[in-house]
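For reference, the chains in residue letters:
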Amino acid sequence: MAKARRNKRGPFEYAHKLSMQTVFVLATIFLYAPIVVLIIFSFNDSRRGGNVIWRGFTTDYYVKAANNASLIEAFVNSLAIAVISTIFAVILGAITAIVLWRFRFPLKPGYEGLVALPIVIPEICMGVAIAVFFSSMGLYVSPGTLWPFNLTNIIIAHITFSFPFAAMVIRTRLNNFNREMEEAAKDLGASEFQVFRDILLPHMKPGLIAGGLLAFTLSLDDFVITFFTSGPDTVTFPVKVYSMVRFSVTPEINAASTVLILITLVLTAIAMRFQSFEEEHK
Amino acid sequence: MTDAIISIRNVTKRFGSFTAVEDVTIDIQPGEIFALLGPSGCGKSTLLRMIAGFETPTEGDILIDGKDVTDVAPNRRPVNMVFQSYAVFPHMSVADNVAYGLKMDRLPGAEIKEKVAEALEQVKLTDFAHRMPDQLSGGQRQRVALARALAKRPRVLLLDEPLSALDAKLRDAMRLELVKLQESVGVSFVMVTHDQSEALAMADRVAVLKDGRLMQLADPMTLYKHPSDTFVADFIGRVNFFEVEEFKPGSAEVRVQSLGAVTLPTPVEFAAGEKLVLAVRPEYMRVRPWDGTGVAATLGDVGFQGDSSIVEVTLESGQPVQVLSGIADTPVLLGLEPGAKVGVDVDLGEGRVLRG
Ligand SMILES: Nc1ncnc2c1ncn2[C@@H]1O[C@H](COP(=O)(O)OP(=O)(O)OP(=O)(O)O)[C@@H](O)[C@H]1O
Ligand SMILES: [Mg+2]
C-alpha cells in the first residue's frame, strides 16, 4: 500500500511533467547560449567575429587581444576602477547599513528610500545627472593626470551607483543579527569597539563579500554611466568594446570578453568557496 | 550596611509614560538562588537587565557588593548573564566562546586556558571544546553560555528564562543540574522565570512580581502556604476562593459563601468592612460519595493524572471548585457517573483569609 502511494505524484511535483522539463531546458539554453557561442567563436579562425561559419580552431585572437595596447589599457582601467570603487562602496555601504539598522532618527523611512533610489533610477538619468554635476562643479580631470587618478571621476560615479546595492545586501544581513549577542559580549567585558570587531563584523562578513562582489561586477560591466563620465582619453573595457564593435566585430572582442567572463567566474567561485568555508566552520 | 550581594533600592523604571518596574526593593544574599517570578510583561526581565546594566533605573539605586553601580556600564560590572537565546557566538568554537570574556580581561594565555578547561569541566563540555556552536544541541549551547559566564567568576550569575528554550524533558533534568551547579560553584544565581513550578523547585527565595510591583518575597514554602494576596495564591499553584460574607475583626467565627458559618483556626486580623476571601488549595479538600455529611456537591470531570486526580465539582451554591484527590479515592470517583451527588470536606486548618 505504501508502495502504491509513493508512485502517486504530489500536487506540486511539476518537475515530472514533460512540459515543465522542456521549459526548464529552453530557459537554460536561452540564458547561456549567447555566452557559449561567444566563447566558441573566440577560437574561430575567421577574420570576422560575427561570422557564423566555423573555420578551424585557433588561439590567435587571444594573442592579438593581448597585444592590443589600447584594449589592454581599457581592461586595466576597468579592473582598477572596479577594485577601487568596490572598496569604497563596501565601506560606505556598511556604514550606511549599520546606521539604518542601528539608529532611530526622524525621517528615517524617507532616508532609507533615498539611499535605495539610485537602484531604481534609470541608469541613463544617473549618467546624465552625474556628468552635469561634475561639469557644473568644475570637477574634470585634466589631461596628463597620473594613472589611476585620471579615473577619479569614473570611480566616484561608480561608487555613487554601486554603494546602495552594497548597503542593501549588508542591511539584509544585519536584520538577522541577534542583539543579545552584542549584549552578551558587553556583559563579558567587551567595549563598543570590541563588540564591533569581534561580534558584529564577523556576522556581517558574508554580507560584505556578497555586497562587494555585486559592486565589483556592476562596476566592471557598466557602460552607460561610464560613457557619460569618462574623459576623452580614459577608456574602460565596455566602452572600448563598444567602439570596436562599431568599427567591426572581430574574434578579438570575443577573446577579450571570454577573459572577462573567466575573471568574473573565478572571483565568484573564490567568494563562494570562502563563504562555504565559513559555513563549514561555524 | 548589609551583607547583601545585590541591593535593589526603590528602583523604578519607566519607558516613556509606561512604568515597567515600580518602586522595587530587594536584597539578594550571597550563595542563594533567587527567582524573579511573574506573568509575561510584569517587568522581571527589565529588573534583571538593570542589574546587568543594560537598562538604567529611572529612580532608585542598585548596589553590588555594597558599591553603587547604577551608572556603571555592563562591561564593568562584576555580574554575568545567561541570555534567553543563549547568544553563543556562532563564529567561535566552544572553547573560544568561553575564553572570550577572559580575553577581554587581558588575562595571560596560560591562565585563560586553565580557566576555560575548568569552566567546561563544570558544565561537562570538556569533549566539545573544539566544536562549533551549530554542531551542538540546545541544551549543550545553554551550557556553553553558562560556562562562558561562570568562567569570569562573577559575584552573581543572572539567568533570563534559562530553561524556556529547552524541551520539557530536558527542562526537568536541567532544573536539577542548575541547582547542583550553583551548589558547586557557590555564586548567587538570580533567575527570571514565568513558570511557578520552576521557581518553587529551584529557588531559595522567590520574588513575585505583578505589573512591575513586588507582590511578595519569600521562600517557596511560605509563598505556597502563606500567600500574601489572591494574586500570589492563584499564581503559585491551584486554589479555590470562597467569598467571606460576614466576619468580626479579632474573631475566628466567619460566614463563608458556599460553606456557611465556619470556625477558622486563627482569628481574622483584617479591619471591618474589608472585602475578604477564604483561599483553600485543592489538596486540602476531599471528595467522596454522598453520605449526608460535608458540603453537598455534584461531580464533574475527573482528570486522572496517574498518582492523583484533579476533580471538578459544583457545590450546592453553584460554585465550581477543584479538588485534588489522592490515589486512594480516585478509583471510587472514577466509578461514579458525572453528575452524581458527592460530599466535599474542607480542611479549614489550611484555609487562608486574604484580601479579595
Ligand atoms: N525598551 C523598552 N521600551 C518600551 N517598553 C519596554 C521596553 N522594554 C520592556 N518594555 C515593556 O516593559 C514591560 C516589562 O517588560 P519585561 O521584558 O521586563 O517583561 P517580562 O516580565 O520579562 O515578560 P516576559 O515574560 O514576556 O519576558 C513590558 O510591558 C514591555 O513591553
Ligand atoms: Mg522577559
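*Asks:* Help me out: how do you make sense of the overall build of chain B in this one?
*Replies:* Across its full length, chain B holds nine helices and 20 strands. In terms of overall dimensions, chain B has C-alpha extents of about 80 × 45 × 35 Å along its principal axes. Across the 356 residues that make up chain B, the buried fraction comes to 41%. In chain B, the proportion of contacts linking residues at least 24 apart, taken out of those at least 6 apart, comes to 64%.

*Asks:* How should I be thinking about the overall build of chain A in this particular structure?
*Replies:* Along chain A, the regular secondary structure elements total 12 helices and zero strands. Starting at the N terminus, the α and β elements of chain A follow one another as α-α-α-α-α-α-α-α-α-α-α-α. In chain A, which comprises 282 residues, the share counted as buried stands at 29%. Nonlocal contacts in chain A, meaning residues at least 24 apart in sequence, comprise 77% of its contacts between residues at least 6 apart.

*Asks:* What should I look at first to understand the site of ligand 1 in this one?
*Replies:* Residues and elements named next belong to chain B. In the vicinity of ligand 1, the contacting residues are Phe 15, Phe 18, Ala 20, Gly 38, Ser 40, Gly 41, Cys 42, Gly 43, Lys 44, Ser 45, Thr 46 and His 194. The element contributing the most residues to the shell around ligand 1 is helix H1 (residues 44-52), with three residues. Across the shell around ligand 1, the residue classes break down as four nonpolar, seven polar and one charged.

*Asks:* I tried to follow the interface of chain A and chain B on my own but got confused; where do I start?
*Replies:* The figure often quoted for interface size is the accessible area lost as the parts come together. Taken together, the 16 residues of chain A in the interface contact 20 residues of chain B. For the side of chain A that touches chain B, the element with the most residues is helix H8 (residues 179-187) of chain A, which contributes six residues. Split by residue class, the side of chain A that touches chain B holds six nonpolar, five polar and five charged.

*Asks:* Mind showing me how you'd approach the domain arrangement of chain B here?
*Replies:* Residue and element names in this part refer to chain B. For chain B, the domain assignment lists domain 1 (6-231) and domain 2 (238-355). Here the C-alpha centre of domain 2 lies 39 Å away from the C-alpha centre of domain 1. Facing the four residues of domain 1 at the interface are six residues of domain 2. Here the side of domain 1 that touches domain 2 is built from residues that sort into one nonpolar, two polar and one charged.

*Asks:* Whenever I open this one, the domain arrangement of chain A confuses me. Can you help?
*Replies:* Residue and element names in this part refer to chain A. Assigned domains within chain A: domain 1 (2-59) and domain 2 (62-280). Using only C-alpha atoms to locate each centre, domain 1 and domain 2 end up separated by 31 Å. Each partner contributes to the interface: domain 1 provides 11 residues, whereas domain 2 provides 11 residues.

*Asks:* Help me understand the packing of helix H4 (residues 69-102) of chain A against helix H7 (residues 152-175) of chain A, please; the structure alone is not making it clear to me.
*Replies:* Two numbers describe a pair of packed helices, the interaxial angle and the distance between the axes. Residues and elements named next belong to chain A. For the pair H4 and H7, the least separation of the axes is 6 Å and the interaxial angle reads 45 degrees. Classified by the angle their axes make, H4 and H7 are oblique. Once H4 is placed against H7, the crossing between them reads as right-handed.

*Asks:* Before we go on, may I ask you to explain the sheet that holds strand E5 (residues 67-68) of chain B in this structure?
*Replies:* Sheet strands pair via backbone hydrogen bonds, and the direction of the pair is either parallel or antiparallel. Residues and elements named next belong to chain B. The strand order E2-E1-E4-E5 describes an open sheet built from four strands, whose pairing is antiparallel. Each having just a single partner strand, strand E2 (18-28) and E5 make up the two edges of the open sheet. In the sheet, strand E1 (residues 6-15) pairs with E2 via seven bridges, with the strands oriented antiparallel. Across the sheet, Phe 15 pairs through a bridge with Phe 18, a residue of E2.

*Asks:* Is there a simple way to think about H7 of chain A in this case?
*Replies:* Every α-helix carries 3.6 residues per turn, so stepping three or four residues along brings you back to the same face. Residue and element names in this part refer to chain A. Compared with an ideal rise of 1.5 Å per residue, which puts 24 residues at 34 Å, H7 spans 34 Å between its outermost C-alpha atoms and is within 8% of the ideal. Of all the bends in H7, the greatest, near 35 degrees, is centred on Ser 162, and the proline Pro 164 appears no more than four residues after it. When you tally the buried positions in H7, you get 19 out of 24 residues, the bulk of the element.

*Asks:* Can you help me understand the confidence of the model for chain A in this one?
*Replies:* A low pLDDT means the predicted coordinates there should not be read in detail. Across chain A, the average pLDDT comes to 85, with 90% of residues at or above 70. Mean pLDDT in chain A bottoms out at helix H1 (residues 2-7) of chain A, which sits at 50, and peaks at H8 of chain A, which reaches 95.

*Asks:* What is the right way to read the pairing of E1 of chain B from this model?
*Replies:* Across a regular strand the side chains alternate sides, sitting on one face of the sheet and then on the other. Residues and elements named next belong to chain B. Here five bridges tie E1 to strand E4 (residues 59-64), and the two strands are oriented antiparallel to one another. The residue of E4 that forms the bridge with Ser 7 is Leu 63. Hairpin connection from E1 to E2: two residues lie between these consecutive antiparallel strands, with Gly 16 at a positive phi of about 65 degrees.

*Asks:* I tried to follow the sheet that holds strand E7 (residues 156-160) of chain B on my own but got confused; where do I start?
*Replies:* Residues and elements named next belong to chain B. The strand order E6-E7-E8-E3-E9-E10 describes an open sheet built from six strands, whose pairing is mixed. Looking at strand neighbours, the two that pair on one side only are strand E6 (79-82) and strand E10 (213-218), the edges of this open sheet. With strand direction ignored, the average angle separating the axes of adjacent strands in the sheet is 20 degrees. When E6 meets E7, the two strands line up parallel, connected through four bridges. Looking at the pairing, Asn 80 lines up with Leu 157 of E7.

*Asks:* Which parts of the structure should I look at to understand the pairing of strand E18 (residues 320-326) of chain B?
*Replies:* Residues and elements named next belong to chain B. Burial along E18 is one-sided: Val 321, Val 323 and Ser 325 are buried, and none of Pro 320, Gln 322, Leu 324 and Gly 326, which face the opposite way, are. Pairing geometry for strand E17 (residues 308-315) and E18, over seven bridges, is antiparallel. Bridge pairing in E18 places Val 311 opposite Val 323.

*Asks:* I would appreciate a short explanation of the environment of Phe 161 of chain A in the present structure.
*Replies:* Residue and element names in this part refer to chain A. One can find Phe 161 in helix H7. Using a count of 23 C-beta atoms within 10 Å as the deciding quantity, one classes Phe 161 as buried. Between the C-alpha atom of Phe 161 and that of Met 126, which follows or precedes it by 35 residues, the distance is 8.0 Å. Aside from chain neighbours lying at most four places away, what touches Phe 161 is Pro 118, Met 126 and Ile 225.

About the cut-offs
- Residues numbered from 1 in each chain as written.
- Chains lettered and ligands numbered in written order.
- Predicted model: local features only at pLDDT ≥ 70, side-chain atom pairs only at ≥ 80, totals over all residues.
- Helix = DSSP H or I, 4+ residues; strand = E, 2+ residues; numbered from the N terminus.
- Buried ≥ 20, exposed ≤ 12 C-beta atoms within 10 Å, placed from the backbone.
- Contact = placed C-beta atoms within 7 Å.
- Near = placed C-beta within 6 Å.
- Nonpolar A, V, L, I, M, F, W, Y, C, P; charged D, E, K, R; others polar.
- Domains from an automatic or database assignment.
- Axes fitted to C-alpha atoms, helices over the stretch in contact; angles between N-to-C directions.
- Parallel < 35°, antiparallel > 145°, perpendicular 65-115°, else oblique.
- Left-handed = near helix turned anticlockwise from the far one by under 90°.
- Pairing = 2+ DSSP bridges.
- Expected span 1.5 Å × (residues − 1).
- Bend = angle between axes of the 7 residues up to and from the residue.
- pLDDT = per-residue confidence, 0-100.

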